[in-house]
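# Structure assessment
Below, each chain spelled out in residue letters.
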Amino acid sequence: MKNFKIALLALALAASSPAFADDSMSPITGTWRMTSLKVTGASGKQTEIPYSGQVIFSQGGTLSVQAMNPDAAAKPTPYTANGYEAYYGPVEVDETKKTFAITVESSLVRSLVGQRMERRFEVDADQLTITPADPKEGWRVTYERL
């Protein structure tokens, strides 16, 4: 009877654990290192900004982002303070639409906390490209899988 209870408990844990719940994993899941950030100016011209950073999509359904502009005099943006961007929260990925949405739980820029941000993504082998759902935001970032 004791072995049956242990087996039943193990089965229950396996069924409830994200690692065992589904063998198929989203191609976006994983750790990615930033390779390029391009921003579109008012004139429509794209400028590459020398950011570095990473994004992590966990199997548990969270997203965390860190990025830094090496220019110590970089002006704040809606996502950055002192040239640094960092936020975290639960993420919902829609494979069909190739979109994801994060609800910001914590952030260096406190006005982002509680916001839901939608993004488009494309995965091509070990390259991830993310753009805003609203093209008016005017940026494009690429990452490579680590």
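None of the values given here were measured: they were computed from a predicted structure. (Residues numbered from 1 in each chain as written. Predicted model: local features only at pLDDT ≥ 70, side-chain atom pairs only at ≥ 80, totals over all residues. Heavy atoms only, no water.)

By secondary structure assignment, the location of M34 is in strand β1 (residues 30-40). Through-space distance from the C-alpha of M34 to that of T142 is 5.9 Å; in sequence the pair is 108 residues apart. Here M34 is in contact with Y51, S52, G53, Q54, A67, V141, T142 and Y143, once residues within four sequence places are set aside. (Helix = DSSP H or I, 4+ residues; strand = E, 2+ residues; numbered from the N terminus. Contact = heavy atoms within 4.5 Å.)

Here we come to the pairing of strand β3 (residues 52-57). Bridge count between β1 and β3: 4 bridges; the pairing is antiparallel. What sits directly across from R33, in β3, is Q54. Sheet topology note: the β3/strand β4 (residues 62-68) ladder contains 6 bridges and is antiparallel. Following the sheet pairing, Q54 is matched in β4 by Q66. The antiparallel pairing of β3 with β4 creates a hairpin that spans 4 residues between the two strands, and G61 there sits at a positive phi of about 90°. (Pairing = 2+ DSSP bridges.)

Now for the layout of surface pockets. To find leftover empty space, a probe the size of one water molecule is rolled over the atoms. In this structure, the largest pocket encloses a volume near 570 Å³. Lining the largest pocket are 29 residues, with L37, Y51, Y79, E85 and W139 positioned closest to its centre. Among the elements of the structure, β1, β4, β5 (84-94), β6 (99-103), β8 (116-124) and β10 (139-145) are those that each provide at least two residues to the lining of the largest pocket. Here the lining of the largest pocket is composed, by residue class, of 20 nonpolar, 4 polar and 5 charged. (1 Å grid on protein atoms, 1.4 Å probe; cavity = no way out; pocket = protein on both sides within 12 Å on 5 of 7 lines; lining within 4 Å. Points joined across faces, edges and corners; volume = space filled by probe spheres on them. Nonpolar A, V, L, I, M, F, W, Y, C, P; charged D, E, K, R; others polar.)

In this section: the pattern of salt bridges. Side chains that carry opposite charge are capable of pairing whenever their charged atoms lie near each other. Counted by the stated rule, this structure contains 5 salt bridges. E144 is paired through a salt bridge with R33; the nearest N and O atoms lie 2.3 Å apart. In this pair, E144 is assigned in strand β10 and R33 in strand β1, connecting sequence segments 111 residues apart. Here E137 ties to R119 by a salt bridge, and the two come within 3.5 Å at their closest N and O atoms. With E137 in the loop between β9 (127-132) and β10 and R119 in strand β8, the pair connects residues that are 18 residues apart, well separated along the chain. (Salt bridge = Lys/Arg side-chain N within 4 Å of Asp/Glu carboxyl O.)

Our next topic: unusual backbone geometry. Even without being a glycine, K98 presents a positive backbone phi close to 60°. Position of K98 among the secondary structure elements: in the loop between β5 and β6. Positive phi outside glycine occurs at A125, with the angle close to 60°. Tracing the backbone shows A125 in the loop between β8 and β9.

Moving on, we come to the packing of aromatic side chains. Counting across every chain of the model gives 2 aromatic pairs. Taken together, a centroid distance of 5.1 Å and an interplanar angle of 80° make the contact between F57 and F100 edge-to-face. Of the two residues, F57 sits in strand β3 while F100 sits in strand β6, which places them 43 residues apart along the sequence. The burial state of F57 is the same as that of F100; both residues are buried. Between the aromatic rings of F100 and F121, the centroid separation amounts to 6.3 Å while the plane-to-plane angle is 40°, which identifies the pairing as tilted. Separated by 21 residues along the polypeptide, F100 in strand β6 and F121 in strand β8 bring together distant segments of the chain. Side by side, F100 and F121 carry an identical accessibility label, which is buried. (Phe/Tyr/Trp six-rings, centres within 6.5 Å; stacked < 30°, edge-to-face > 60°. Buried < 20%, exposed > 50% of the residue type's maximum accessible area, 1.4 Å probe, protein only.)

Fair warning: the whole summary comes from geometry, so function is off the table for now.
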